[in-house]
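Summary of structural features
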Amino acid sequence: DAGVTQSPTHLIKTRGQQVTLRCSPKSGHDTVSWYQQALGQGPQFIFQYYEEEERQRGNFPDRFSGHQFPNYSSELNVNALLLGDSALYLCASSLAGSKNIQYFGAGTRLSVL
Amino acid sequence: AQSVTQLGSHVSVSEGALVLLRCNYSSSVPPYLFWYVQYPNQGLQLLLKYTTGATLVKGINGFEAEFKKSETSFHLTKPSAHMSDAAEYFCAVSEGSSASKIIFGSGTRLSIRP
């Protein structure tokens, strides 16, 4: 049983570019959450998707957007990249009604130059 | 609003010694509480969780934590440290519902001395 998978594992972009990160949830899970983890810090909640809709959002600008597909996989898009967007982006999946037990992928390391 | 405070950004113990990582939380609603571990260049792995019921919860790798509502604490312990326990540990809180954002602490790096 595959866990949460994220792609790509590493990415290098320049300021002003746009990036798309992808996440496949654990089998049977229907909810996907995205987190940003800057170096030396704890993860910060970006947003959560359920039934193809954004259900909750953290304190991130509109440059951060997402999407969930009918097969529950998800994308995170970031426009107009800033140096400060360099971080590890983590995807977590869970099952609605499961007491919020979230399983995390290994993350995508984004470097903005 | 919810928040988590982890006391001590770095804890060092000898192999075989007691591990104690401190966590205090703030929540206006009954919380769910979690401890996650992160090894270098990896994602987060759930160690244990408190949702409802028994306040002493046991997790993987010999770790346990006790939910103390009166002290708003959820400290993580392990009786005997092993070299493989060296990692970053995150305490986290969410609202007591099935669909809620998780708020993480800033993490505690655990080092094990031979």
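Below: a short report on this structure.

What counts, and at which threshold
- Residues numbered from 1 in each chain as written.
- Chains lettered and ligands numbered in written order.
- Predicted model: local features only at pLDDT ≥ 70, side-chain atom pairs only at ≥ 80, totals over all residues.
- Heavy atoms only, no water.
- Pairing = 2+ DSSP bridges.
- Helix = DSSP H or I, 4+ residues; strand = E, 2+ residues; numbered from the N terminus.
- Axes fitted to C-alpha atoms, helices over the stretch in contact; angles between N-to-C directions.
- Salt bridge = Lys/Arg side-chain N within 4 Å of Asp/Glu carboxyl O.
- Buried < 20%, exposed > 50% of the residue type's maximum accessible area, 1.4 Å probe, protein only.
- Contact = heavy atoms within 4.5 Å.
- Buried area = accessible area lost by both parts, 1.4 Å probe.
- Polar contact = N/O pair within 3.5 Å; in protein donor to acceptor, adjacent residues only side chain to side chain.
- Nonpolar A, V, L, I, M, F, W, Y, C, P; charged D, E, K, R; others polar.
- Phe/Tyr/Trp six-rings, centres within 6.5 Å; stacked < 30°, edge-to-face > 60°.
- Lys NZ or Arg CZ within 6 Å of the ring centre and 35° of its normal.
- Disulfide = S-S within 2.5 Å.

Here's the deal with the sheet that holds strand β8 (residues 73–78) of chain B
Pairing between the strands of a sheet is mediated by backbone hydrogen bonds and can be parallel or antiparallel. Residues and elements named next belong to chain B. Taken together, the 5 strands give an open sheet; going across it, the order is β1-β3-β8-β7-β6, and neighbouring strands pair in antiparallel fashion. Only two strands of the sheet have a single neighbouring strand rather than two, namely β1 (3–7) and β6 (56–58). Along the sheet, successive strands turn relative to each other by an average axial angle of 20 degrees, direction set aside.

What about the sheet that holds strand β1 (residues 5–7) of chain A?
All names here are of chain A. The strand order across the open sheet formed by 4 strands is β1-β3-β8-β7, and the pairing between neighbours is antiparallel. A strand with exactly one partner marks an edge of an open sheet, and here the two such strands are β1 and β7 (64–68). Each neighbouring strand pair of the sheet contributes to a mean axis angle of 20 degrees, computed without reference to strand direction. Judged from the 3 bridges that link them, β1 and strand β3 (residues 19–24) form a sheet pairing that is antiparallel. Each residue of the ladder has a partner; that of T5, found in β3, is S24.

A short note on the pattern of salt bridges
A full pass over the atoms with the stated rule returns 5 salt bridges over all chains. Taking the shortest distance from any N to any O, the salt bridge between R22(A) and E75(A) comes out at 3.4 Å. With a gap of 53 residues between them, R22(A) in strand β3 and E75(A) in strand β8 (residues 74–78) connect regions that are remote in the sequence. The class for R22(A) is partly exposed, based on a relative accessible area of 41%. The exposure class assigned to E75(A) is buried, which follows from its relative accessible area of 17%. We note a salt bridge from E64(B) to K58(B), for which the minimum N-O separation is 2.8 Å.

What about the interface of chain A and chain B?
Taken together, the contact between chain A and chain B spans 22 residues of the former and 22 residues of the latter. With both sides pooled, the region where chain A packs onto chain B buries about 1,700 Å², and carbon together with sulfur makes up 55% of that total. The largest contributions to the chain A side of the interface with chain B come from K99(A), N100(A) and F104(A), which together make up 33% of the buried area. Across the contact surface, chain A and chain B share 0 salt bridges. Across the contact surface, chain A and chain B share 6 residue pairs in polar contact (both at pLDDT 80 or more). If you list the elements that add at least two residues to the side of chain A that touches chain B, you get β4 (31–37), β5 (44–50), β6 (53–57) and β9 (87–94) of chain A. A class-by-class count of the residues in the side of chain A that touches chain B yields 9 nonpolar, 11 polar and 2 charged.

Quick word on the packing of aromatic side chains
Counted under the stated rule, the structure contains 13 aromatic pairs over all chains. Seen from their ring centres, Y35(A) and F104(A) are 5.4 Å apart, and the 45 degrees between their planes marks the pair as tilted. Placement of the pair is Y35(A) in strand β4 and F104(A) in strand β10 (residues 103–104), with a sequence separation of 69 residues. These aromatic residues form a ring-pair network of at least three members: Y35(A), F45(A), F104(A), F34(B), Y36(B), F90(B) and F104(B). Here the basic side chain of K26(A) rests over the ring of Y103(A), its NZ or CZ set 5.4 Å away from the ring centre.

Comments concerning the side chain of S73(B)
By secondary structure assignment, the location of S73(B) is in strand β8. Once residues within four sequence positions are removed from consideration, S73(B) is found in contact with C23(B), N24(B), Y25(B), E66(B), F67(B) and K68(B).

So, the state of the cysteines
A full pass over the atoms with the stated rule returns 2 disulfides over all chains. C23(A) shares a disulfide with C91(A); S-S distance 1.8 Å. The S-S bond linking C23(A) to C91(A) shows a torsion near -60 degrees; that makes this disulfide left-handed. Linking C23(A) in strand β3 with C91(A) in strand β9, this pair joins segments that are 68 residues apart in sequence. The residues C23(A) and C91(A) share a single accessibility class, namely buried. Here C23(B) pairs with C91(B) through a disulfide, and the sulfurs are 1.9 Å apart. Classification of the bridge connecting C23(B) and C91(B) rests on its S-S torsion, roughly -65 degrees, and on that basis the disulfide is left-handed.

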